[in-house]
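So you can see what is in the structure, the chains are spelled out below.
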Amino acid sequence: MRLALRTAQPVREAKFLARPLTRIEPDGAFEGYASLFRIADLGKDVVEPGAFRESLARRGPGGVKLLWQHDPTEPIGRWIELREDTRGLHVRGRLSLAVARAREIHALMRDGAIDGLSIGFRSERARNDPRTGLRRLEKVDLWEISLVTFPMQLQARVAMVKAARPLSPAFLP
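Residues numbered from 1 in each chain as written. Predicted model: local features only at pLDDT ≥ 70, side-chain atom pairs only at ≥ 80, totals over all residues. Heavy atoms only, no water.

Caption draft 1: Here's a closer look at the overall build of the protein. When helices and strands are tallied, the protein shows two helices and eight strands. Listing every helix and strand of the protein by position from the N terminus yields β-β-β-α-β-β-β-α-β-β. Looking at the protein as a whole, 47% of its 173 residues are labelled buried. Across the protein, the fraction of contacts at a sequence separation of at least 24, relative to all contacts at a separation of at least 6, is 70%. Here the protein has roughly 8,500 Å² of accessible surface; of this, 53% comes from carbon and sulfur atoms. (Helix = DSSP H or I, 4+ residues; strand = E, 2+ residues; numbered from the N terminus. Buried < 20%, exposed > 50% of the residue type's maximum accessible area, 1.4 Å probe, protein only. Contact = heavy atoms within 4.5 Å. Areas by Shrake-Rupley, 256 points an atom, 1.4 Å probe, with all protein chains shown as cover.)

Following this line, the structure appears as structure tokens:
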């Protein structure tokens, strides 16, 4: 799904990634991958390693919002950690369970009904590959990461595990 604001503001784009949730902590903490590198999504975009580096350095976790379905009126928690590793954009967040919507989403996540993550960003540098029809995103400005119902990057999956432990290989995409 691509979201475009109908103002003079830059175009905001969204990419999806999902995996059935394996464990959601009672305090609302979860982690996973919001984007995997070098894997084409259904919109024919491929995020290249290093694409988030400058944006993460500039914004930090507090400058990237945790939203529900990309709705800026639906903040549902905060990001604790956002980092690139060799696989993609690894995220750790916590739902704000004092917020009614976050409690609802927490229940849906625990039941396995909600299992997707999606990035909201502005492309700063990309190149089109005419041979494959893919757009390779080399630098993006990350604005937000949302929990979503329908993911776009079907080959990649989100792992939800206890924040205090590293991801188990069984849960990695």
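Anyway, onward from the coordinates.
Caption draft 2: Inspection of the pairing of strand E6 (residues 88-95) at higher detail. For E6, a buried count of six out of eight residues is recorded, marking the element as mostly surrounded by other parts of the structure. Inspection of the sheet shows strand E2 (residues 29-36) paired to E6 by seven bridges, in the antiparallel sense. Bridge assignment links tyrosine 33 to a residue of E6, and that residue is histidine 90. Here strand E5 (residues 71-84) runs beside E6; their pairing, made up of seven bridges, is antiparallel. Note that in E6 the partner of glycine 77 across the bridge is leucine 95. A loop of three residues connects E5 with E6, the two strands running antiparallel in sequence. (Pairing = 2+ DSSP bridges.)

Caption draft 3: Examining the pattern of salt bridges more closely. Scanning the model with the defined rule gives 18 salt bridges in all. Arginine 101 is paired through a salt bridge with glutamate 74; the nearest N and O atoms lie 3.2 Å apart. On the criterion of sequence distance, the pair formed by arginine 101 in helix H2 (residues 100-110) and glutamate 74 in strand E5 is long-range, its members being 27 residues apart. A salt bridge links arginine 101 to glutamate 104, with the shortest nitrogen-to-oxygen separation between them at 3.1 Å. Linking arginine 101 with glutamate 104, this pair stays in helix H2, spanning three residues, or about one helical turn. Overlapping salt bridges, with partners in common, bring together Glu54, Arg58, Arg59, Arg122, Glu124, Lys139 and Asp141 in one network. (Salt bridge = Lys/Arg side-chain N within 4 Å of Asp/Glu carboxyl O.)

Caption draft 4: Examining the packing of aromatic side chains more closely. Per the counting criterion, the structure on display carries two aromatic pairs. Where phenylalanine 30 meets tryptophan 79, the ring centres are 5.7 Å apart and the plane angle is 70°; that geometry is what we call edge-to-face. Of this pair, phenylalanine 30 sits in strand E2 while tryptophan 79 sits in strand E5, and the two are 49 residues apart along the sequence. It is arginine 87 that lies over the ring of tyrosine 33; its NZ or CZ is 5.9 Å from the centre. (Phe/Tyr/Trp six-rings, centres within 6.5 Å; stacked < 30°, edge-to-face > 60°. Lys NZ or Arg CZ within 6 Å of the ring centre and 35° of its normal.)

Caption draft 5: Quick look at the pairing of strand E7 (residues 116-129). Bridge count between E7 and strand E8 (residues 134-148): 13 bridges; the pairing is antiparallel. Within E8, the position partnered with leucine 117 by the bridge is leucine 147. The hairpin formed by E7 and E8 contains four residues between the paired strands, and glycine 133 there has a positive phi angle of roughly 80°.

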